[in-house]
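Working through the structure, step by step
Each chain, written out:
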Amino acid sequence: MDDFTYRNETELIFGKQALSCVGEKTRSYGDRALVLYGGASAIRSGLISRVILSLKQSGVEVFELGNVEPNPKMSLAYRGIEICKREKINVLVAVGGGSVIDTAKTVGMGAVYDGDAWDFFTGTQAASMLPIGVVLTIPAAGSESSADAVMTREEDKLKRASCAGDFIRPRFSILNPELTYTLPPYQTACGAVDIIAHVLERYFTTVRGVDVTDRLCEGIVRSVVAASKRVLIQHDDYNARAELMLAGTLAHNGIVGLGRRGDWASHAMGHEISALSNAAHGATLAVMFPAWMKYVYQTDIRRFAQFANRVFDVQYMPWDENEMALEGIRRFETFLHQLGMSTKLLDMGVKEDAIPLMAKKCHQAGSFVSLDEAAIADVYRLAL
Ligand code: NZQ
Ligand code: ZN
């Protein structure tokens, strides 16, 4: 196991009553709030009105920034930064999923910075930021408690993760599984895939002596497989929605990666697909993860056989771990298809001729196996 230090100050407020404290919690960090939200879902459901009412009742002056798109764009973040500077905003409230939260994180860093906020996505570490509170509406990205933000610069179609630190984690996150009942099945499925991918990026590691976190990873993936199938049958199954919400946070708050080195090649390759085609993040992972697994599994067949056995109940066959590993990958793909996800790049509208540029932009990825540009292109081709 590698050495580590871990710090996470996001306060998690979980359950059916969680939303009632959003005003009071926000007020403890500031009295001039910018509330960020997405396209329409949170307005349609009445959630935005409830959040704003709670803020006003707690004595918080409210400003709004809506229309955050999936695969969020820097242009909107710049508008948010402008509002913050002009109106002397001192706290941000993100109501939505990863796209809204990441926009809030970028606005929060940019509001107290004199340069271009894109700098935070090209190597500059932010020194401070405005405090953020979250009302989560989709279990997926884990941004509600993660130390990352992922943004897209439209001009050159670059989707990049920030060079952030622990301090960009939200100060509090309100997690009410009932707020996810309105999710369309496709978004629920994309979210489940992203949660599993966050675990697997850490699971496939070269670090030895990581049994505790191996088993945490395996347990989370098993729970997400079971719960995601349940919610697709009954969309308002509270307990299944609650499992997904908790899993989404645990998968990406750093806990399951303690003492190990993650890979993250599938995420990096997936970001290039989203940058090109605007595909949903989880959908890109359903395409890239199985292809990546097929490309690299021979590097550590035993680890893939363990995954197959402990997560997808493939019979333990020490005399044929290669077949175990392949059967695990097949069962993972079958599960993705059961969720309604495609595992083919062509279904994202991405054809063979786009691969050289995507591989060039991605350039280098992975630590379980380090992939160079040519290897990345090969993995994309496997996904066609
Ligand atoms: O815009 P609205 O109308 O709200 O619709 C959204 C959006 O279309 C909809 N939605 C969300 N909650 C809903 C709902 N629809 C009905 N009912 C609800 N309760 O879902 C769609 C997707 O929303 P989005 O926020 O984009 O989803 P997600 O949470 O999957 O976030 C994806 C973004 O997060 C980044 C991804 O790359 C992508 O840009 N990630 C961020 C990470 C981080 N900050 O730590 C890590 C991840 O690996 C990921 O890269
Ligand atoms: Zn992800």
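Residues numbered from 1 in each chain as written. Chains lettered and ligands numbered in written order. Predicted model: local features only at pLDDT ≥ 70, side-chain atom pairs only at ≥ 80, totals over all residues. Heavy atoms only, no water.

**Points about the pairing of strand β8 (residues 172-175)**
- Residues Phe172 and Ile174 of β8 are buried on one face, and the alternating residues Ser173 and Leu175, pointing to the opposite face, are buried as well.
- In terms of strand pairing, strand β1 (residues 11-14) meets β8 through four bridges, oriented parallel. Within β8, the residue paired with glutamate 11 across the bridge is phenylalanine 172.
- Pairing analysis gives three bridges linking strand β5 (residues 132-136) to β8, with the strands arranged parallel. Residue valine 134 lies in a different strand from β8, and its bridge partner there is serine 173. (Buried < 20%, exposed > 50% of the residue type's maximum accessible area, 1.4 Å probe, protein only. Helix = DSSP H or I, 4+ residues; strand = E, 2+ residues; numbered from the N terminus. Pairing = 2+ DSSP bridges.)

**Here we look at the nonpolar core**
- Residues Leu200, Met269, Trp292, Met293, Phe304 and Leu345 are the most contacted members of the largest nonpolar core, which totals 67 residues.
- The contacts of leucine 345, once residues within four sequence positions are left out, are Ile273, Val287, Val350, Ile355, Met358, Tyr380, Ala383 and Leu384.
- Within the second largest apolar cluster, 36 residues are counted, among which are Ala77, Ile81, Ile89 and Ala111. (Core = buried A, V, L, I, M, F, W, Y, C linked by side-chain atoms within 4.5 Å. Contact = heavy atoms within 4.5 Å.)

**Points about the domain arrangement of the chain**
- Split by domain assignment, the chain resolves into domain 1 (11-180) and domain 2 (185-382).
- Contacts between the two partners involve 29 residues from domain 1, matched on the other side by 24 residues from domain 2.
- Of all residues in domain 1, the largest losses of buried area upon contact with domain 2 belong to Pro139, Lys157 and Lys159, amounting jointly to 24% of the total for that side.
- Our count for the domain 1 to domain 2 interface comes out at one salt bridge.
- The interface formed by domain 1 and domain 2 contains nine residue pairs in polar contact (both at pLDDT 80 or more).
- Listing elements by their share of the side of domain 1 that touches domain 2, those giving two or more residues are β1 and β7 (158-161).
- With three residues, β7 is the single largest residue contributor to the side of domain 1 that touches domain 2.
- For the side of domain 1 that touches domain 2, the per-class residue count stands at twelve nonpolar, seven polar and ten charged. (Domains from an automatic or database assignment. Buried area = accessible area lost by both parts, 1.4 Å probe. Salt bridge = Lys/Arg side-chain N within 4 Å of Asp/Glu carboxyl O. Polar contact = N/O pair within 3.5 Å; in protein donor to acceptor, adjacent residues only side chain to side chain. Nonpolar A, V, L, I, M, F, W, Y, C, P; charged D, E, K, R; others polar.)

**Observations concerning helix α5 (residues 98-110)**
- The end-to-end C-alpha distance of α5 is 18 Å, a good match for the 18 Å that 13 residues give at a rise of 1.5 Å each.
- Judged by how many residues are buried, α5 sits mostly within the fold: 13 of 13 residues are covered. (Expected span 1.5 Å × (residues − 1).)

**Here's the deal with the site of ligand 1**
- For ligand 1, the set of nearby residues contains 32 residues, the closest of which are Gly39, Ser41, Gly98, Ser99 and Ser146.
- Take histidine 198: an N or O atom from its side chain is 2.7 Å from an oxygen atom of ligand 1.
- Contact distances for ligand 1 include 3.2 Å between an oxygen atom and a side-chain N or O atom of histidine 281.
- Isolated, ligand 1 exposes 960 Å² of accessible area, and the fraction of that covered by the protein chains is 89%. (Near = heavy atom within 4 Å. Areas by Shrake-Rupley, 256 points an atom, 1.4 Å probe, with all protein chains shown as cover.)

**Things to note about the coordination of the zinc ion (ligand 2)**
- Surrounding the zinc ion (ligand 2) are the protein donor atoms Asp194 (OD), His198 (NE2), His267 (NE2) and His281 (NE2), which sit 2.0 to 2.2 Å from the metal.
- Sequence spacing among the residues donating to the zinc ion (ligand 2) works out to D-x3-H-x68-H-x13-H. Taken together, the residues span a long stretch of sequence, with histidine 267 in helix α9 (residues 265-277) and histidine 281 in helix α10 (residues 281-296) at a distance of 14 residues. By the burial criterion, histidine 267 is buried, and histidine 281 matches it. (Donors = N, O, S within 2.8 Å, 3.2 Å for Na, K, Ca; no water.)

**Digging into the side chain of asparagine 71**
- The topology assignment puts asparagine 71 in the loop between β3 (61-65) and α4 (74-87).
- Accessibility expressed as a relative area gives 5% for asparagine 71, which makes it buried.
- Those residues in contact with asparagine 71 that lie beyond four places of it in its chain are Ser99, Thr152, Lys159, Ser274, Asn278 and Ala279.

**Quick word on the environment of methionine 324**
- Here methionine 324 shows up in helix α12 (residues 321-338).
- Setting aside residues up to four positions removed in sequence, methionine 324 forms contacts with Ala305, Ala308, Asn309, Val314, Gln315, Tyr316 and Met317.

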